[in-house]
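If you want the building blocks of each chain, they are given just below.
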Amino acid sequence: MAFSTWSNDSGSTGPTRCPLTSPLANNVATRDPIAEMAQHLSRAGICIHWLRGPVGGQVEGRGKAPIHQAWQQRPCDSFQALLKQRQPGWNLGIRTGAVPGAQIQLLAVDCDDDQAVRWARDHLPPTPVRVLTRQGQHWWYRRPETIEPCRNRAKVGGLRLD
């Protein structure tokens, strides 16, 4: 499994492949790369949750939507609890914002086109984690210590940026 990332900080001018080692080499019977990544992120202190697969998985509804109702209010599950819930076809989501029980709280800036990426380069601090998406890039940051909520879909100046 690999993520495509963009890293101008290292002098790269385009996407690079970042191989991920398998933390579950002898631990998960199915050797499922999604479960492997779930364990890797969970051990790092990042709160994750299950999503329907991009084609709907085995749960009816649109792709990549959270499996659980009221998922935003749920505490951070342990990897063991998550693994017990796992169903074939499910994908992995990273919970952002103030998540009870998460050791590392994150936020992601979703730049959905080239104009939004240009704005982010001009106005946001550098980040070592930029993930290429189908439409643009996700820029990942540690969530600042603040009581202010940072809402999803917070468009900036009419740009495809949230």
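Procedures and definitions
Residues numbered from 1 in each chain as written. Predicted model: local features only at pLDDT ≥ 70, side-chain atom pairs only at ≥ 80, totals over all residues. Heavy atoms only, no water. Helix = DSSP H or I, 4+ residues; strand = E, 2+ residues; numbered from the N terminus. Polar contact = N/O pair within 3.5 Å; in protein donor to acceptor, adjacent residues only side chain to side chain. Contact = heavy atoms within 4.5 Å. Buried < 20%, exposed > 50% of the residue type's maximum accessible area, 1.4 Å probe, protein only. Lys, Arg positive; Asp, Glu negative; His and termini not counted. Salt bridge = Lys/Arg side-chain N within 4 Å of Asp/Glu carboxyl O. Core = buried A, V, L, I, M, F, W, Y, C linked by side-chain atoms within 4.5 Å. Phe/Tyr/Trp six-rings, centres within 6.5 Å; stacked < 30°, edge-to-face > 60°. Lys NZ or Arg CZ within 6 Å of the ring centre and 35° of its normal. pLDDT = per-residue confidence, 0-100. Pairing = 2+ DSSP bridges.

Thoughts on the side chain of R95
Looking at where R95 falls in the secondary structure, it is placed in the loop between β4 (91-94) and β5 (106-111). A distance of 2.8 Å separates the side chain of R95 from the backbone oxygen of R74, its partner in a polar contact. Setting aside residues up to four positions removed in sequence, R95 forms contacts with C47, I48, H49, W71, Q72, R74, P75 and C76.

Focus on the side chain of D113
Position of D113 relative to the elements: it lies in the loop between β5 and α3 (114-123). Buried and without a salt bridge, D113 has R160 as its closest oppositely charged side chain, separated by 4.3 Å. Separated by 2.9 Å, the side chain of D113 and the backbone nitrogen of A116 make a polar contact. In this structure D113 touches Q135 and R160, once residues within four positions along its chain are discounted.

A closer look at the nonpolar core
In this structure, A38, L41, I46, I48, W50, L92 and L106 are the most contacted members of the largest nonpolar core, which totals 16 residues. Put simply, the parts of the chain that give this core at least two residues each are α1 (33-43), β3 (48-51) and α2 (79-85). Broken down by element, this core gets its largest block of residues, 4 residues, from α1. What L41 contacts, discounting residues up to four positions off in sequence, is I46, I48, L92 and I94. Counting 10 residues, the second-largest nonpolar core is a separate cluster that includes V109, V117, W139 and L161.

Some remarks on the packing of aromatic side chains
Per the counting criterion, the structure on display carries 0 aromatic pairs. Over the face of the ring belonging to W139 we find R130, whose NZ or CZ atom lies 4.5 Å from the ring centre.

Considerations on the pattern of salt bridges
One pass over the structure, following the stated rule, counts 2 salt bridges. The shortest N-O distance in the salt bridge between R86 and D32 comes to 2.5 Å. Note that R86 is positioned in the loop between α2 and β4 and D32 in the loop between β2 (15-19) and α1, a separation of 54 residues in sequence. A salt bridge links D77 to R74, with the nearest nitrogen and oxygen atoms 3.1 Å apart.

Comments concerning the confidence of the model for the protein
Summarising the model, the protein shows a mean pLDDT of 76, and 71% of its residues fall at 70 or more. Note on residues 1-29: pLDDT under 50 across the span, and 51 contacts to partners over four residues away in sequence or across chains.

Side note on the pairing of β5
With 5 of 6 residues buried, β5 lies mostly within the body of the structure. Bridge count between β5 and strand β7 (residues 137-142): 6 bridges; the pairing is antiparallel. Its bridge partner lying in β7, L107 is registered against Y141.

Let's talk about the environment of P66
As for its position among the elements, P66 is in the loop between β3 and α2. For P66, a relative accessible area of 18% corresponds to the buried category. Between the C-alpha atoms of P66 and N91, which are 25 residues apart in sequence, the distance is 9.1 Å. Residues within four places of P66 in sequence aside, it is in contact with H49, W50, L51, R52 and W71.

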